[in-house]
Every structure is written in C-alpha cells, then in structure tokens.
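# Report on the structure
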Amino acid sequence: MPEPEGSGGMRTTVQGWKRGGVLMRIARVDVITASIPVVRPFRISLGMVDRKDQVFIRLMDDEGHEGWGECSPSPLWPRGLTQSAVRDILIERVVPCLVDRDPNDIGVIMADIARVAADTPFVWAPVDIALHDLVARSRGLPVYALLGGLAHRRIPLHWTIGITSPDVAEKEAAEAKAAGFTAFKVKVGGADFRAELDTVRAIRSAVGEDVVIAVDANQGWTTDTAPARIRALERFDLELVEQPVPWWDVRGLARVRQAVGTPIMADESCFSPRDAMELVRLEAADVLNIKLMKCGGLWNARKIAAIAEAAGLACFVGGMTDLDVAVAAALHFFAAHSVVRYSTGILRPQSARRAQPVVKNPWQTGPGYFQIPDGPGLGVEVDSETLEHLGGKTWTAEA
C-alpha cells in the first residue's frame with residue numbers, strides 16, 4: 001500500500017525554511033468541495049464519466065502565500081473514495097496535521113498524515129500538491145524546480161477515445177488528427193470485444209500509419225482472454241497495452257506480458273513504491289503509469305519514478321478525473337523526470353471533454369503538445385468565485 005516516508009511519523013525538530021530569519025507556518029486551511037459536469041461524457045470499462053466530484057484544499061501561510069491541491073476521488077477505483085469521504089477524512093484527521101506546521105517539512109508532514117489516515121492516497125494527494133505549491137510560491141519558483149529542474153520543456157499530448165462505436169471513434173480520431181494530435185489512447189475492455197476490434201481498425205484507418213495508438217483495458221480482461229485479444233489488436237501496430245487484467249493479479253499480468261510482443265503498462269496495479277517493487281520483481285510490466293491521485297502525490301510519485309529508472313522501465317503520467325490544479329501538478333512532475341517517455345492525455349482542449357475551468361489562467365496547448373509555464377508554484381491561479389458558483393462548499397481551520 002502507498003507509504004509516504006519521512007521521519008517515521010515523528011514530528012519535525014529541525015529548522016525549516018526561513019524568510020528573513022522567521023520560520024514559515026501554515027496559518028489557515030480551507031477544504032472545498034465542488035461537483036462539475038463534464039462537457040462530453042465518455043465510457044470506460046469501469047463505468048461512465050459524466051461529472052467531476054472534486055475536493056480542493058487551500059493552504060495559506062502567515063504571510064499570505066497560498067498553495068492549492070485537488071483530489072479526484074474516483075470511487076470506482078481500488079482505494080477510491082467518495083467526495084464526502086475524502087472531505088470528512090481531511091477535516092477530521094488531516095487538517096490537525098497541517099495547522100501551524102512548517103510547509104517545507106513535506107516528508108515529515110506526509111508521514112504524519114499516512115499514520116492518521118492510513119492507505120488513503122486519494123486523501124494524501126491534494127495535501128501533497130498544496131504543500132509543494134505553497135513552498136514553491138513562497139520561494140518564487142515553479143514546482144518543477146523543487147523536483148529537480150526541467151527534463152522536458154514541451155510535453156507531448158495524446159487524445160483519449162472512450163468505448164464507443166467504430167463510426168463515432170473514426171470521426172473523433174480524424175478530427176483530433178486534423179487538430180495536430182499524433183498519439184491516441186483507445187479504451188477497450190468492455191462487453192463486446194469484436195466491436196472494439198472494429199473500433200481500433202477504424203481509428204487506424206482514419207489516422208494512418210504515422211500515428212501512435214495505445215489501448216487501455218482498465219482491468220476489463222482476464223489472464224485467459226487477454227493474450228488472444230492483444231494479439232488480435234497487434235495487427236494495428238500498438239504502442240502499448242494498459243492494465244489488461246484486474247489490479248490485484250500481478251502474477252497474471254506477468255503471464256500476459258510474457259505471452260505477447262506489445263509492451264504492457266501497469267496502472268491500477270501500481271499505486272505505491274511497494275507496488276512498483278513488486279511489478280519489477282515479477283517482471284510484470286514494461287511501463288508504470290504514475291497518477292498522483294493513486295500514489296498520494298508528488299512525494300511518492302518521485303519514488304516510483306526512481307524505482308522504474310533503476311529497473312530499466314519507462315514511466316507514463318496519467319490522471320483520473322483531474323481538473324486544472326491536479327493536472328498542473330502532474331505536468332510539473334512530467335517536466336522534471338526524464339524517465340517519463342510517453343505522451344500524456346491529462347490535458348485536453350476545452351472544447352473536447354474537460355469540465356469548466358476552475359482557474360483564471362487555463363493553460364493553452366499547441367497542436368499535440370503543452371509547454372510548461374515558468375510562473376511560481378503550479379503556475380495556475382484558482383478562481384474561488386467559479387468554485388462558489390459551481391456549488392463549492394468551504395470548511396476552514398485557522399491557527
């Protein structure tokens with residue numbers, strides 16, 4: 001299970017970052033909930049995605065600097081929680097670990113939170129993101145600078161197509177290619193594999209041979225069915241196959257990997273550094289999908305990336321139903337890690353599928369890529385009025 005590691009849960013006794021000789025401290029914590037409709041709902045093997053029930057957290061230090069974090073609860077996932085469950089755990093257990101603490105002690109604070117809210121990475125993630133944002137803003141640095149500096153200036157994007165009919169998928173893929181996208185991820189793993197085979201065939205026909213296509217089964221197959229289905233899809237020149245079998249069946253994932261020629265990516269099977277070690281030990285994957293929500297934030301994501309790099313694996317950066325804040329954090333992580341070698345689908349044009357922006361400065365993409373901004377922190381400014389308009393409810397604690 002995910003385990004942020006710091007000082008073994010001990011309270012910090014060392015001097016933190018000083019501004020003019022004065023230690024920083026968290027003076028206020030806001031927990032905010034908001035439910036935001038998706039512009040264009042889409043289906044995966046786990047169900048329909050038609051709205052985003054988010055939880056935001058805002059940390060404020062004693063000099064007025066803010067740090068924002070975001071959670072995408074995703075209750076359909078392993079360890080997934082509802083919006084109300086995330087909110088309640090944050091308020092009842094996590095906020096007391098934050099008020100009056102030095103935000104620079106990220107590792108120590110996250111270890112404390114892991115102790116009082118065990119095995120809840122969807123709760124840890126928004127706190128971790130907000131701490132990194134606050135510390136980076138207070139120093140006038142972008143978050144990627146805290147993570148080691150730029151390894152990628154431009155981040156390639158792919159277009160994700162949900163489980164749908166071949167005709168709809170073909171039209172969407174052609175439009176995305178015309179908009180400049182040269183990489184696609186296609187959701188499979190539903191009830192009708194023959195229709196999914198036709199869908200991938202239609203997409204390949206629409207986009208041509210010079211475009212990358214990956215498929216994601218979201219655990220929809222078994223160790224018995226996956227090899228034959230992957231081999232049937234390999235005629236369309238797949239870049240990789242993501243999570244073909246249930247998350248808990250890591251040995252089965254290894255058997256599937258041995259039976260096919262296409263690289264296998266672990267997603268739901270890789271929540272924590274410990275999971276990453278198990279995947280490496282069993283030679284169960286070629287690629288690890290790092291999502292900040294499922295691993296608990298940037299602190300653990302860096303450990304997973306280090307394990308992958310040491311084992312000779314590549315990494316992929318994905319997202320859940322993330323909005324601008326969590327997307328920003330994932331993009332800063334991508335930017336700082338050379339072991340991430342695949343395009344990402346976490347940032348999409350507003351006209352496509354993303355929900356209403358909750359920031360004043362939504363990031364713009366080029367044709368199939370995104371360029372990291374150099375502003376302080378995450379580089380986004382949350383629009384509190386928009387959150388309130390969307391029905392956001394705020395709970396506040398102050399030192």
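Residues numbered from 1 in each chain as written. Predicted model: local features only at pLDDT ≥ 70, side-chain atom pairs only at ≥ 80, totals over all residues. Heavy atoms only, no water.

## A look at the overall build of the protein
- In terms of helices and strands, the protein carries 13 helices and 15 strands.
- Expressed as a percentage of its 399 residues, the buried residues of the protein come to 59%.
- A fraction of 74% describes how many contacts in the protein between residues 6 or more apart in sequence connect residues 24 or more apart.
- Split by element, the accessible area of the protein, about 15,200 Å² in all, is 49% carbon and sulfur. (Helix = DSSP H or I, 4+ residues; strand = E, 2+ residues; numbered from the N terminus. Buried < 20%, exposed > 50% of the residue type's maximum accessible area, 1.4 Å probe, protein only. Contact = heavy atoms within 4.5 Å. Areas by Shrake-Rupley, 256 points an atom, 1.4 Å probe, with all protein chains shown as cover.)

## Some remarks on the packing of aromatic side chains
- As enumerated under the stated definition, the model contains three aromatic pairs in all.
- A ring pair is formed by Trp-159 and Phe-181, whose centres lie 5.1 Å apart and whose planes are at 80°; its orientation type is edge-to-face. Taken as a pair, Trp-159 in strand β7 (residues 159–161) and Phe-181 in the loop between α5 (166–178) and β8 (183–187) lie far apart in primary sequence, 22 residues in all. With respect to burial, Trp-159 and Phe-181 carry one shared label: buried.
- Ring centres of Phe-193 and Trp-221 lie 6.0 Å apart, and the angle between their planes is 85°; on these two criteria the pair is classed as edge-to-face. Of this pair, Phe-193 sits in helix α6 (residues 193–207) while Trp-221 sits in the loop between β9 (212–216) and α7 (226–233), and the two are 28 residues apart along the sequence. An identical accessibility class is assigned to Phe-193 and Trp-221; each is buried. (Phe/Tyr/Trp six-rings, centres within 6.5 Å; stacked < 30°, edge-to-face > 60°.)

## Here we look at empty space enclosed by the protein
- Counted according to the given criterion, the structure contains two cavities of 30 Å³ or more.
- Taken as a whole, the largest cavity spans an internal volume of roughly 50 Å³.
- Lining the largest cavity are His-158, Phe-184, Lys-185, Ala-214, Glu-239, Leu-240, Met-265, Phe-316 and Ser-343.
- Listing elements by their share of the lining of the largest cavity, those giving two or more residues are β8 and β10 (238–242).
- Along the lines of polarity and charge, the residues of the lining of the largest cavity split into five nonpolar, two polar and two charged. (1 Å grid on protein atoms, 1.4 Å probe; cavity = no way out; pocket = protein on both sides within 12 Å on 5 of 7 lines; lining within 4 Å. Points joined across faces, edges and corners; volume = space filled by probe spheres on them. Nonpolar A, V, L, I, M, F, W, Y, C, P; charged D, E, K, R; others polar.)

## A few points about the sheet that holds β10
- Read from one edge of the open sheet, seven strands run β7-β8-β9-β10-β11-β12-β13, paired in parallel fashion. On the outer flanks of this sheet lie β7 and β13 (314–317), each paired with one strand and no other. Along the sheet, successive strands turn relative to each other by an average axial angle of 25°, direction set aside.
- Taken together, the two bridges between β10 and strand β11 (residues 264–266) define a ladder with parallel strand orientation. Counted as the bridge partner of Val-241 is Ile-264 from β11. (Pairing = 2+ DSSP bridges. Axes fitted to C-alpha atoms, helices over the stretch in contact; angles between N-to-C directions.)

## A closer look at the pairing of strand β12 (residues 287–290)
- Residues Val-287 and Asn-289 of β12 are buried on one face, and the alternating residues Leu-288 and Ile-290, pointing to the opposite face, are buried as well.
- In terms of strand pairing, β11 meets β12 through two bridges, oriented parallel. Bridging across to β12, Met-265 finds its partner in Val-287.
- With four bridges joining them, β12 and β13 adopt parallel strand pairing. Within the sheet, the bridge partner assigned to Val-287 lies in β13 and is Ala-314.

## Concerning the environment of Glu-66
- Its place among the elements puts Glu-66 in strand β5 (residues 66–71).
- In this structure, the C-alpha to C-alpha distance between Glu-66 and Glu-381, residues 315 residues apart in sequence, is 9.8 Å.
- When near neighbours in sequence (up to four residues on either side) are disregarded, Glu-66 contacts Arg-58, Leu-59, Met-60, Asp-133, Leu-134 and Arg-137.
- Within the local environment of Glu-66, its side chain forms a polar contact with the side chain of Trp-68, the two groups lying 3.1 Å apart. (Polar contact = N/O pair within 3.5 Å; in protein donor to acceptor, adjacent residues only side chain to side chain.)

## Section: unusual backbone geometry
- Residue Gln-219 is not a glycine yet carries a positive backbone phi of 75°.
- Its location among the elements puts Gln-219 in the loop between β9 and α7.
- The exposure class assigned to Gln-219 is buried, which follows from its relative accessible area of 15%.
- One non-glycine residue, Asp-237, lies in positive phi territory at about 60°.
- On the secondary structure map, Asp-237 appears in the loop between α7 and β10.

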